Amino acid sequence: MKPTLHLLGLPHTITTGAYSHCAFTGKVLRFSPMLRSVGYNVIHYGNEGAVSGANEQVDILSFNELNNYITKYDPTGPTFIGEVANLGTPLYEEYNKRLNIELKKRVSPKDIICLPFGIGHQAALAGVSGTYLETGIGYMQAFAEFRIYESNCWYNWQSGKENRNGKDYHWVIPNYFDISEWTFQPNKGQYLLYFGRICNAKGVEIVVEIARNRPDLKVILCGQGDATPYLKFPNIEYLPPKHGKERDTLLGNALAVLMPTRYVEPFGGVTVEANLTGTPVLGSSYGSFTETIIQGINGYRCNTLGDWLAGIELVEEWGPQQRQQISDVARSKYDMYKLAHKYDDAIQQITDLQDKGWYTLRSSLGPIKKVA
């Protein structure tokens, strides 16, 4: 019998499509239907208004309570919702206090508590039985014994940073997407799109340099943050965050998506979202882009300004056939209902520890025919 999964929603958002611009909320949103498709009972804990697709929804904060906490944090509203993700705020303290009470009511020793936001929920686990699994690590601090990382890049980067060996019960599973939400667009667009947080850490200054050198192309900056310092040329335009169909349309109608992240990107989900529509991505030469961008197939990884400009010229020549290939590859690799089986395999290996442990002869690779 499969264990019940207890999925912890983010304290500072609501698990709905309205917060799909938050990568972590998006993963919570898709997690329940993904795991239910392979036979799990999922209980989602989150704020009022959640549409999680879980078997059961447990409300932690009301909509008004959440709004009051966020307003106290910043009366004008944060420019980036992640600014509210602060463990020391009254919001997080109250959320985790209430969450702890609800978990103690429901969690059995053989259940698995799924932590999509790592230490953001650690305070809620005091005295709670069950097994803790961090379900998609794309952040700096991980603490649970069982972990799933977003990319090999991030797993190995963290292992090296912490100067530790690898572990058999740490897995790498890429982020998962509902491919039915994304529409293939065979015709290339006429604008370049930056889609994400508006800040130097994400490389928006590089986008400005690209705009300077390609005044013939419109360059759209879309996302959370203050775009004012970057609107230096008449061909640069700002749009606020987009959700749902608007998000799909904006990505699908771009000539290319630019992702010049300056830090080591743990995954960069926009790469996959763009590719699902058929749009190529130009990204940095390091980080998770080494796994998500196949050079010359679904985009290019770039080092210098010359690389960025050459990459744009190359994708300007791509037509419906190339875009179809981009979409097909993304759909085969990141369909959440296919990746559900990888999550199932990891959870089953955790469950096996209650029996023969590491010495189990069950394998996700297939049945074993010869045993000594």
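Placed above this text is the structure.
Throughout this document, residue positions are counted from 1 along each chain, in the order its sequence is written. Note on the predicted model: pLDDT of at least 70 is required for a residue's local features to be given, and 80 or more for side-chain atom pairs to be given and counted; whole-chain, interface and lining totals, by contrast, use all residues. Each side-chain value is worked out from all heavy atoms of the structure, with water and hydrogens disregarded.

Caption draft 1: Representation of the environment of W182 within the structure. Considering the arrangement of structural elements, one finds W182 in the loop between strand 7 (170-172) and strand 8 (191-195). What makes W182 buried here is its relative accessible area of 8%. Numbered from the N terminus, helices here are DSSP runs of H or I no shorter than four residues, and strands are runs of E no shorter than two. Partly exposed residues are those whose accessible area sits between 20% and 50% of the maximum for their type, while under 20% is buried and over 50% is exposed, using a 1.4 Å probe and protein chains only.

Caption draft 2: Representation of empty space enclosed by the protein. Both site types are read off a 1 Å grid over the protein atoms alone. A 1.4 Å probe that fits but cannot get out defines a cavity, while an open set with protein on both sides within 12 Å along at least five of seven lines defines a pocket; lining residues have an atom within 4 Å of a point. Grid points are joined across faces, edges and corners, and a volume is the space filled by probe spheres set on the points. Taken as a whole, this structure holds two cavities of 30 Å³ or more when the rule is applied. Estimates place the volume of the largest cavity at around 40 Å³. What lines the largest cavity is N275, T292, I294, N298, I326, V329, A330, K333 and Y334. Classifying every residue of the lining of the largest cavity gives five nonpolar, three polar and one charged. If you add up the space inside the second largest cavity, you get close to 30 Å³. Surrounding the second largest cavity, K27, P116, T135, G136, Y176 and Y343 form its lining. For this scheme, ten residues count as nonpolar: Ala, Val, Leu, Ile, Met, Phe, Trp, Tyr, Cys and Pro. Four count as charged, namely Asp, Glu, Lys and Arg, and the remainder, Gly too, count as polar. Within the lining of the second largest cavity, the residues separate by chemical class into three nonpolar, two polar and one charged.

Caption draft 3: Local environment of helix 10 (residues 320-334). With 15 residues, helix 10 extends 21 Å from end C-alpha to end C-alpha; this agrees with the ideal 21 Å at 1.5 Å per step. Listing the buried residues of helix 10 in full gives R323, I326, S327, A330, R331 and Y334. Projection of helix 10 onto a plane perpendicular to its axis shows the buried side chains occupying an angular sector of 125°, all on one side. The criterion used for residue contact is that any of the two residues' heavy atoms lie within 4.5 Å. Buried residues belonging to helix 10 abut helix 6 (244-252), helix 7 (269-277), helix 8 (289-292) and helix 11 (336-352). What a helix is expected to span follows from its residue count: subtract one and scale by 1.5 Å. Arc, as used here, means the arc of the directions from the helix axis to the C-beta atoms.

Caption draft 4: Quick look at the packing of aromatic side chains. Ring geometry is summarised as follows: Phe, Tyr and Trp rings, the Trp one being its six-membered ring, pair when their centres sit within 6.5 Å, and such pairs are stacked at plane angles under 30 degrees, edge-to-face over 60 and tilted between the two. Summed over all chains, the structure comprises twelve aromatic pairs. Pairing W154 with W157 gives two aromatic rings, centres 4.9 Å apart and planes at 10°, and the pair type is stacked. Remark: W157 and W154 occur in helix 4 (residues 152-161); sequence separation between them is three residues, near one turn of the helix. For W154, a relative accessible area of 4% puts it in the buried group.

Caption draft 5: Local environment of the pairing of strand 1 (residues 5-8). Alternating residues of strand 1 divide into L5 and L7 and H6 and L8, and every residue in both groups is buried. Of the pairings in the sheet, the one linking strand 1 to strand 2 (residues 42-46) comprises four bridges and is parallel in character. Paired with L7 across the bridge in strand 2 is H44. In the classification by handedness, the crossover that spans strand 1, the intervening helix 1 (residues 23-36) and the parallel strand 2 is right-handed. Here three bridges tie strand 1 to strand 4 (residues 112-115), and the two strands are oriented parallel to one another. Looking at the pairing, H6 lines up with I113 of strand 4. If DSSP finds at least two bridges between two strands, the strands pair. Crossovers are marked right-handed if the path from the first strand over the helix to the second runs clockwise, as seen with the strands pointing away from the viewer.

Caption draft 6: How the structure looks around helix 4. All of the buried residues in helix 4 are C153, W154, Y155, Q158 and S159. Buried-residue contacts for helix 4 involve strand 5 (131-137), strand 6 (146-149), strand 7 and helix 8.

Caption draft 7: Region of interest: the sheet that holds strand 9 (residues 218-222). If you walk across this open sheet you meet the six strands as 10-9-8-11-12-13, and the pairing is parallel. Unpaired on one side and paired on the other, strand 10 (236-239) and strand 13 (299-302) mark the two borders of the sheet. With strand direction ignored, the average angle separating the axes of adjacent strands in the sheet is 25°. With axes taken as lines fitted to C-alpha atoms, and helix axes fitted only over the stretch in contact, angles between N-to-C directions fall between 0 and 180 degrees. Contacting strand 8, strand 9, strand 10 and strand 11 (256-259), helix 5 (residues 204-213) runs over the sheet at an angle of about 165° to strand 9. Against the sheet, helix 6 touches strand 8, strand 9, strand 10 and strand 11, its axis set at about 135° to strand 8.

Caption draft 8: How the structure looks around the pattern of salt bridges. When a carboxyl oxygen of Asp or Glu lies within 4 Å of a side-chain nitrogen of Lys or Arg, that pair is called a salt bridge. This model, assessed by the stated rule, comprises 16 salt bridges. Put simply, R106 and E102 hold a salt bridge, and the shortest N to O gap is 2.5 Å. With R106 and E102 both in helix 3 (residues 90-106) and four residues apart, this pair spans about one turn of that helix. The buried category is assigned to E102, whose relative accessible area is 16%. For the salt bridge of K202 with E265, the shortest nitrogen-to-oxygen distance reads 3.1 Å. With K202 in the loop between strand 8 and helix 5 and E265 in the loop between strand 11 and helix 7, this pair connects stretches of sequence that are 63 residues apart. For K202, a relative accessible area of 12% translates into the label buried. You can call E265 buried: its relative accessible area is 6%.

Caption draft 9: Examining the sheet that holds strand 4 more closely. Judged by pairing direction, the sheet is parallel, and its seven strands sit side by side in the order 3-2-1-4-5-6-7 without closing on themselves. Because the sheet does not close on itself, it has two edges, and the strands there are strand 3 (56-59) and strand 7. When the angles between neighbouring strand axes are averaged without regard to direction, this sheet yields 20°. In this sheet, strand 3 lies alongside strand 2 in parallel orientation, the contact comprising four bridges.

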